[in-house]
Amino acid sequence: MRRSEVLAAEAVSCLNKALIHLKDIWEEIGIPEDQRLQRTNVVKNHIKNLLEMMIKEEESLKERLISSIGKCRTEMEKLCLELQLPLFEEESGVSMLQQEKNIRTQVEALMKEKNQRMQQLKILLEQDQDLCDILCSMSYGIAPDSVPSLEQLENFRQHIANQNEEKAKRYAEFTDLKKQIILYMGELDHIPETSFEKDVVCEDEDSFCLSRENITSLKLLLCQLEERKAENEAMCESHREKIQQLWDRLQVPQEEREAFNEHMVASRKRNLEALQAEVQRLEELKLLNIRNVTEAIRSEIAVFWEKCFLSIDQRQDFTPYFSEDFTEELLSVHDAEIQRLRQHYEDHKELFDGVHQWEESWRLFLELEKKATDPTRFTNRGGNLLKEEKQRSELHKSLPKLEKKLKVQIEKWEGEQAREFLVSGQKFLQYVEQQWELHRIEKEKEKQERHLKKSKQTEVDMLYGTVRTPTKRRFLGSTTPNKARKFNATSSISSATSNSTMRSAIGGTVCRSPVPRPPLSANKVPAVRTPGSNKPPHPRLQGCNKENEVRPKGTPLSGGLLNYASPQRNLSITSVASTYSEFVRELVNTESVQSSETCPKPPTPRSSTTS
């Protein structure tokens with residue numbers, strides 16, 4: 001049994017007990033039956049009215065619950081529609097009271113969500129309005145009384161973030177432009193005149209409207225100031241060049257120039273005025289010194305003639321250059337000519353510089369070619385040969401490339417100018433070919449001279465013999481293992497004597513050892529012994545071989561050191577006379593010695609017969 005039924009049964013039991021108790025009281029009092037009936041009826045009506053009133057109150061509660069459920073359901077549906085959320089699914093099988101509570105709780109949550117969104121929307125709208133005022137842009141375009149969805153709020157936040165970035169970008173651009181504008185105004189001594197210029201320079205930066213139109217106006221103002229500054233600088237630079245030329249032409253002292261240095265650097269308004277005044281002063285001074293100024297301009301014209309490669313005829317076409325009537329008109333003509341030449345050089349500077357570069361490279365090429373034929377280049381001690389060879393190799397590669405590039409530039413120049421590009425009075429390409437041809441002819445001439453010189457030397461050698469200067473020779477006293485020749489004393493000395501005599505008389509080639517020879521006292525040394533023989537050489541044979549005898553220090557055929565040679569050196573037949581006159585002198589001395597001494601001739605070895 002449910003608890004409510006138990007409570008109802010207890011209420012009925014209490015009511016029965018109360019009625020019985022009332023009945024007992026009435027009996028004890030002695031109330032008649034009809035009055036008891038009346039009193040019981042009153043009790044019944046009272047209880048009935050009370051129950052009816054209670055029932056009515058509960059019925060009213062039920063109606064209120066039903067009404068609340070309906071209202072809450074309607075409100076919930078409206079909120080879900082506004083918030084763009086799915087409808088709340090009611091729980092089935094619950095009491096009316098629980099149902100009303102669930103719906104009411106959901107409505108309260110939806111209402112809270114709505115209030116939060118509306119609060120966020122309000123904040124974003126305020127930020128958007130501020131940004132619109134600063135950037136002069138359109139608002140985001142969302143109704144302030146509509147409940148935004150989560151996606152709309154997110155898009156709105158992203159829009160605000162983009163606007164803030166744009167604001168920061170424009171603000172940075174504005175501050176940069178403002179600094180430059182203030183700087184240019186200061187350099188130009190310009191005071192803000194229009195309201196816009198005053199807003200930019202004088203007003204607070206945060207109050208400036210960062211609209212696109214204002215930014216564009218700022219850029220336009222900056223461009224105007226830059227143009228004015230460029231014009232001032234151009235005018236100042238033109239005046240400076242004019243002043244510098246007039247200073248040089250008039251030979252103004254250095255102290256006077258240094259006093260004016262302040263205006264030769266800055267380009268403010270006062271500097272421009274000072275430069276204009278100085279130009280005017282120098283122009284007046286120039287009229288008083290026309291001859292000197294004209295001569296100075298002629299020097300400049302000559303320099304530009306060289307730079308522009310003008311021929312003699314082209315130079316002579318400017319007849320005022322040779323005039324001696326120095327007037328203001330002549331000076332103005334020279335001024336116009338130097339300006340024309342300067343402009344002509346500047347217009348074609350790349351071409352002229354290329355030709356100068358070719359000439360410089362060609363000059364270096366010829367120098368390296370000349371060094372390549374210089375015998376003294378082998379005395380290199382710092383890697384110069386390698387450097388020169390590297391430079392020569394680079395020039396061999398760069399010169400044709402440079403010529404090809406200049407050819408294209410010259411063809412373009414001739415097409416634009418409708419005239420030929422001349423260097424030294426002839427076309428540049430012909431000039432280049434002529435230089436190469438002259439170089440080739442010079443090389444061929446040098447080659448023929450070398451061949452002719454070599455041929456003459458060969459004829460001299462065939463007629464008088466070849467004189468060789470010994471360079472480095474193995475020490476004749478030493479022997480190479482396994483290569484020592486064995487011979488007896490008699491045949492060796494005789495062979496040496498015969499061979500030296502025969503070679504002196506027939507071949508014209510006498511070899512003299514560069515090793516210094518001992519003094520005459522060296523004859524006291526032990527006799528020469530050959531391997532395998534203990535007999536000394538015959539004394540008369542020693543006297544007959546005087547051309548190979550050791551001579552004392554200081555003789556024409558001896559060296560500069562004093563020492564003793566080994567016995568084998570007397571056997572040398574490979575000595576060379578330093579000059580042809582010495583060779584003849586030795587030959588005559590040898591023949592006179594042989595004729596004065598009556599020594600028997602040694603047996604002639606096979607080697608002398610064959611030689």
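Asker: What is the right way to look at the nonpolar core in this model?
Answerer: Note on soluble globular proteins: their nonpolar side chains tend to be buried together. The biggest cluster of nonpolar side chains holds 48 residues, and the ones touching the most others in it are Ile243, Ile301, Trp358, Phe421 and Phe428. Of all the secondary-structure elements, those providing two or more residues to this core are helix H6 (212–250), helix H8 (269–288), helix H9 (290–307), helix H11 (328–347), helix H12 (349–372), helix H13 (384–417) and helix H14 (428–464). Element by element, the count of residues in this core is highest for H12, at seven residues. In this view, Phe421 contacts Phe309, Leu351, Phe352, Val355, Ile410, Trp413, Glu414, Gln426, Lys427 and Phe428; residues no more than four positions away in its chain are not counted.

Asker: I'm lost on H9 in this one. Help?
Answerer: An α-helical turn contains 3.6 residues, so a residue and the one three or four places further along point in the same direction. Under the 1.5 Å per step criterion, the end-to-end length of H9 is 26 Å for 18 residues, consistent within 8% with the ideal 26 Å. Every buried residue of H9 is listed here: Ile290, Val293, Thr294, Ala296, Ile297, Arg298, Ile301, Phe304 and Trp305. In the core, the buried residues of H9 are packed alongside H6, H8, helix H10 (312–316) and H11.

Asker: I would appreciate a short explanation of the state of the cysteines in the present structure.
Answerer: Across all of its chains, the model carries one disulfide by this definition. Cys136 shares a disulfide with Cys209; S-S distance 2.5 Å. Of this pair, Cys136 sits in the loop between helix H3 (96–135) and helix H4 (150–188) while Cys209 is found in the loop between helix H5 (195–201) and H6, placing the two residues 73 residues apart along the sequence. On the basis of relative accessible area, Cys136 is assigned to the partly exposed category, the value being 46%. Cys132 forms no disulfide, and the closest cysteine sulfur to it belongs to Cys136, at a distance of 9.3 Å. You can call Cys132 buried: its relative accessible area is 7%.

Asker: Can you help me understand the side chain of Lys178 in this one?
Answerer: Structurally, Lys178 can be placed in helix H4. Dropping the residues within four chain positions of it, Lys178 is found in contact with Val200, Val201, Glu203 and Glu205.

Asker: What is the right way to look at the confidence of the model for the protein in this model?
Answerer: Low pLDDT marks regions whose predicted coordinates should not be analysed in detail. Summarising the model, the protein shows a mean pLDDT of 74, and 74% of its residues fall at 70 or more. For residues 595–611, every residue scores under 50 in pLDDT, and the model assigns this stretch 18 contacts once sequence neighbours within four places are set aside.

Asker: Which parts of the structure should I look at to understand the environment of Gln426?
Answerer: Along the chain, Gln426 falls in strand E2 (residues 426–427). The partly exposed category is assigned to Gln426, whose relative accessible area is 22%.

Asker: Just to check I follow, could you spell out the environment of Ser455 for this structure?
Answerer: Here Ser455 lies in helix H14. In this structure the side chain of Ser455 is engaged in a polar contact, spanning 2.8 Å, whose partner is the backbone oxygen of His451.

Asker: What is the right way to look at the pattern of salt bridges in this model?
Answerer: Pairing between side chains of opposite charge can happen when their charged atoms approach one another. One pass over the structure, following the stated rule, counts 26 salt bridges. Lys349 is paired through a salt bridge with Asp353; the nearest N and O atoms lie 2.8 Å apart. Of this pair, Lys349 and Asp353 both sit in helix H12, four residues apart, roughly one helical turn. Lys349 gets classed as partly exposed once you look at its relative accessible area, which sits at 35%. Taking relative accessible area as the criterion, Asp353 reaches 29% and is therefore assigned partly exposed. Within the structure, one salt-bridge network assembled from shared partners comprises Lys242, Glu283, Lys286 and Asp335.

Asker: Before we go on, may I ask you to explain the packing of helix H1 (residues 3–29) against helix H2 (residues 33–82) in this structure?
Answerer: Working note: a packed helix pair is described by the angle between its axes plus the distance between those axes. One way to put it is that H1 packs onto H2 with a least axis distance of 11 Å and a crossing angle of 155°. Here H1 lies roughly antiparallel to H2, going by the angle between them. In the crossing of H1 with H2, the sense of the turn from one axis to the other is right-handed. Touching Leu15, Leu19, Leu22, Trp26 and Glu27 of H1 are Arg36, Arg39, Thr40, Val43 and Ile47, all from H2.

Conventions and cut-offs
Per-chain numbering applies: the sequence of each chain, read as written, is numbered from 1 onward. The predicted nature of this model means local features are confined to residues of pLDDT at least 70 and side-chain atom pairs, given and counted, to a pLDDT of 80 or more, with totals for whole chains, interfaces and linings taken over all residues. Working from all heavy atoms in the structure, the side-chain values ignore hydrogens and water. Among buried residues, those of type Ala, Val, Leu, Ile, Met, Phe, Trp, Tyr and Cys that are joined through side-chain atoms within 4.5 Å constitute a nonpolar core. Only protein chains enter the accessibility calculation, which uses a 1.4 Å probe. A residue is then buried if its area is under 20% of the maximum for its type, exposed if over 50%, and partly exposed in between. Counting from the N terminus, the helices are DSSP H or I runs at least four residues long and the strands are E runs at least two residues long. We call two residues in contact whenever any of their non-hydrogen atoms come within 4.5 Å of each other. An expected span of 1.5 Å times one less than the residue number is assigned to each helix. Any pair of cysteine sulfurs within 2.5 Å is marked as a disulfide. Each residue carries a pLDDT score, the predictor's confidence in it, ranging from 0 to 100. Throughout this description, a polar contact denotes any pair of N or O atoms lying within 3.5 Å of each other; where both atoms belong to protein, one of them has to be capable of donating a hydrogen while the other can accept it, and for residues adjacent in sequence the pair is counted only when both atoms sit in side chains. Counted as salt bridges are all cases of a side-chain nitrogen of Lys or Arg within 4 Å of a carboxyl oxygen of Asp or Glu. Only the stretch in contact is used when a helix axis is fitted, and all axes are lines through C-alpha atoms; the angle between N-to-C directions ranges over 0 to 180 degrees. For classification purposes, angles smaller than 35 degrees are called roughly parallel, those larger than 145 roughly antiparallel, those between 65 and 115 roughly perpendicular, and all remaining angles oblique. Handedness of a crossing is defined here by the sense of rotation of the near helix relative to the far one, left-handed for an anticlockwise turn of less than a right angle and right-handed for a clockwise turn.

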